[in-house]
Amino acid sequence: MKKLLMFNILLLLTLTLSACGLGEDREKPLIMTSLFPQYDIARHIGGDAVDVEFILPAGVDAHNFEPTPRKVLEIFDADLLIYTGNQMEPWVQRMIASSNRQDMNMLDLSKHVELMDLDGNHHDQDEQDHIDVFELLNQQNNERLAYVHGSHWHGNLPAIAIGETLTLGANIGDGNITFDLGDEHTLEASIHAQSTDDLISIDNQGEYVDIYAQKDGIASLSFALKQGEETLYQTPTINIVVGDGEQDLQEDIDTFEIINRATRQRVAYVHDNHWHGQLPGLSVADAVTLDANIKAGDTPIFLTGDYELSASLTDASYESIVEIDNHGDHLTITALDNGVALIRFDVMVDGVSIYQTPNIQMVVSEDTQDHVVYDPHIWNDPINMKQMVNAVKDALNELLPEEAERFEARASEYNAALDDIHEAFLAMRDNIELHVMMHGGHNAFGYLMNRYDLDYINPYRGFSPDAEPTPQALANMVDRMKAYDIEHLFSEMLIDPKVADAISSETGAIILYLYAGENLPKDRLDEGFSMIDVFNHNLEQLKIGLRYHE
C-alpha cells in the first residue's frame, strides 16, 4: 500500500512539475506499445515514419507489470498508446483514473477481436436468452432456498448430512415466460472445477437435481438451463456444506485471496502485508461479486457459520464511487460513479474482526468488461493478429494520413505472412496423431487451440501465471497423460516451470517450450525476433508434441 501511495504522489508531482511536454521538438510521432505483439505490428507498419517504444522491459512478466511514474509521464507524452485491454494491462485504467488524463490517444486492441472467456465461449450477449428469474427450490415443499440477483446469489443451500440426498427444483423465467422443466428445457447442476468432486455426487433428472452427500467439506456448484445440448443460461457458483462443516481456527490467518465469484478466478491476494493483483475494474452501474479463499496454516476457513467476509470503504468520501453489500459468505461491490475507492476486507466472528487486510484500490471508469473475465491472449491466434494489424494501420493513418499508402502496403505484407502461418497451422492440424495440447504453463493458448479445433488441457483456472493449480486438476492431468501415453508436455518461456516440472516428474514427459508472446527474452529482442518468428517456433514445437507426420 505504501508503494501505491508513493506511486500516486510521485505521479501527481511529476505531472504537475512537467508542464512542458517531453516531445515538443519531436520530428516523428511516438507510439508507445504495452506488449510485444503491438510493438512488432507498429514497428513493421510504421517503418521509419514513426518512433515505436516497447514499454515492457525485456523478460518481465506482463501480468504484474506496473510502470514507474517517470514512464507514466513518457506514456502521456506519446502520440498514441497501443495496449491489449483492461484485463491484460489494468495499470492503464489506473493510470488514467489517477491522473484524470481522459484525453490520452489510446488504441485498445481487445475491441477489434471476438473475445473468449475461460471456458472457450465467445462473447455475444445476444446469443443467450435473457433470464431474469432463477430460483432454486426445495423439491419436497417447493420452498425457495436461493435465487440469482445480477451476478450473485441471495440465500443459501441447506447443509446435507453424509449419506443423505437434497433434491432441488427451479423456477426459471424470462420476462412473462416461465420455463417448464423436464422435456424441451432441463435443469442441470455441475460441480465447479475448483471444488473437490468427491464431496458430492449429482444426478440430473431434467426437471430436478439430486445431490448426494459423500464426504465432509464445502462443494461449489453452478446450475444451468439447457435446451437439448445447448446451454441457455449459466448461474454463478453457490456453495453447499456437506456434513457438519465444523472447523477449528488453530493458527493465525496467513492466506487471504479474493476470488471473483462469477469465474472462480483469484484476482488479488495478500502477501507480507501488501496486495498482489487487483480488484476488477467496473463501469458505472456494473457490479462484481467476490468471495475469499482463507486459510490459517493448512486449515481452510469456510465462510459459513461463525466466520463471515466483510468489506468496507476506508473513507466516507468513497461512498459516492462504490456501494458494498456484505452477505457473509460473499459480498457485492456496485459502481456508482467514476473514480478510485480504497477498500479493506475483514474476516468477522460474531461481529468482531479477527483479521483485516491492507487497503486495495477499486477503479470505476468507462468501458470495462471485468464482470466477465475474458482471455486477454488474443494475439496467439493468427486471424486475431490480422484484425490487430488492421486496427493499428488505421490508427497510424489517422496520425499520418500522408503515409497511408506505405502503411497499407506494410500491413498487407504482414497479413500475408499471417495467412501463411494460418495455412501452416491448418496443415499441421490435418497431419497430427494427438489432438490435445497438455500444457503445464498458464492459460495463454486458448485462442490458438480454439482456432484449430484442438483440445486444451491446463491445470490453471485463471489467466495469470500467479494462479495456483488445484491438486485435483494436476492429478487429472497426470492421469490423462498416463492413460494416453502422452510423451510431451508444453510450458512457456519466461515463467517458472515448477508446475510443468512436477507433471513431467510424474509422467516422464519431455517439456517443450513455447513463447506466450506478450514479452520475449532480451536476446530474442536484441536479434529482432518477430511475432512471425514466435508463431513459427510454436508451430514446430507443437508438431513435435502432437506427433506430426506429413
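The structure under discussion appears in the preceding block.
As the structure is a prediction and not an experimental result, all values here were calculated from the model.

**Q** Quick rundown of unusual backbone geometry? Include the residues and the values.
**A** We note that L494 has phi near 75°; this positive angle belongs to a residue other than glycine. By the secondary structure assignment, L494 is in the loop between β29 (488-492) and α9 (498-507). Judged by its relative accessible area of 39%, L494 falls in the partly exposed class.

**Q** Hey, could you go over the packing of helix α2 (residues 36-46) against helix α6 (residues 404-429) for me, with residue numbers and the actual values?
**A** The contact between α2 and α6 brings their axes to 8 Å, and the two run at 130°. Our classification of the angle between α2 and α6 gives oblique. Here D40, I41, H44, I45 and G46 of α2 come into contact with α6, specifically with F407, R410, A411, E413 and Y414. Tallied by class, the residues present in the contact of α2 with α6 amount to 5 nonpolar, 2 polar and 3 charged.

**Q** Can you lay out the pattern of salt bridges for me, pointing to particular residues and giving the numbers?
**A** For the structure on display, the rule yields 19 salt bridges. Across the pair E53 and K71 runs a salt bridge whose closest N-O atoms are separated by 2.5 Å. Note that E53 is positioned in strand β2 (residues 51-54) and K71 in helix α3 (residues 69-77), a separation of 18 residues in sequence. On the accessibility criterion, E53 (24% relative accessible area) is partly exposed. Assessed through its relative accessible area of 18%, K71 is described here as buried. One salt bridge in this structure joins K543 and E540, with 3.6 Å as the shortest N-O distance. With a gap of 3 residues between them, K543 and E540 both fall in helix α11 (residues 531-545), about one helical turn apart. Connected via shared salt-bridge partners are E53, R70, K71 and E74.

**Q** So what's going on with the packing of aromatic side chains? Residues and values would help.
**A** Per the counting criterion, the structure on display carries 10 aromatic pairs. Summarising the aromatic geometry, the rings of F134 and Y233 are spaced 5.6 Å apart at their centres and angled 35° between planes, so their arrangement reads as tilted. With a gap of 99 residues between them, F134 in strand β5 (residues 133-138) and Y233 in strand β14 (residues 230-234) connect regions that are remote in the sequence. Here F134 and Y233 have matching classes, each one buried. Just above the ring of Y548 sits the side chain of K543; from NZ or CZ to the centre is 4.6 Å.

**Q** Before we move on, can you summarise the pairing of strand β26 (residues 360-364) with the specific residues and values?
**A** Side chains on a regular strand alternate between the two faces of the sheet. With 5 of its 5 residues buried, β26 lies for the most part within the structure. Residues I360, M362 and V364 point to one face of β26 and Q361 and V363 to the other, with burial holding for every one of them. Direction of pairing for strand β24 (residues 339-349) relative to β26: antiparallel, over a ladder of 5 bridges. When the bridges of β26 are listed, A341 appears paired with M362.

**Q** Describe the nonpolar core, with residues and values.
**A** One finds M385, V392, F425, L489 and L542 to be the most contacted residues of the largest nonpolar core, which totals 93 residues. Grouped together as the second largest cluster of nonpolar side chains are 35 residues, I253, W275, Y307 and L313 included.

**Q** An account of the environment of V347 is requested, with residue identities and associated values reported.
**A** With respect to the element layout, V347 can be found in strand β24. Those residues in contact with V347 that lie beyond four places of it in its chain are I253, F256, I294, Y307, E308, V352, S353, I354 and Y355.

Calculation criteria
- Residues numbered from 1 in each chain as written.
- Predicted model: local features only at pLDDT ≥ 70, side-chain atom pairs only at ≥ 80, totals over all residues.
- Heavy atoms only, no water.
- Helix = DSSP H or I, 4+ residues; strand = E, 2+ residues; numbered from the N terminus.
- Buried < 20%, exposed > 50% of the residue type's maximum accessible area, 1.4 Å probe, protein only.
- Axes fitted to C-alpha atoms, helices over the stretch in contact; angles between N-to-C directions.
- Parallel < 35°, antiparallel > 145°, perpendicular 65-115°, else oblique.
- Contact = heavy atoms within 4.5 Å.
- Nonpolar A, V, L, I, M, F, W, Y, C, P; charged D, E, K, R; others polar.
- Salt bridge = Lys/Arg side-chain N within 4 Å of Asp/Glu carboxyl O.
- Phe/Tyr/Trp six-rings, centres within 6.5 Å; stacked < 30°, edge-to-face > 60°.
- Lys NZ or Arg CZ within 6 Å of the ring centre and 35° of its normal.
- Pairing = 2+ DSSP bridges.
- Core = buried A, V, L, I, M, F, W, Y, C linked by side-chain atoms within 4.5 Å.

All quantities given are derived from atomic positions and should not be read as evidence of function.
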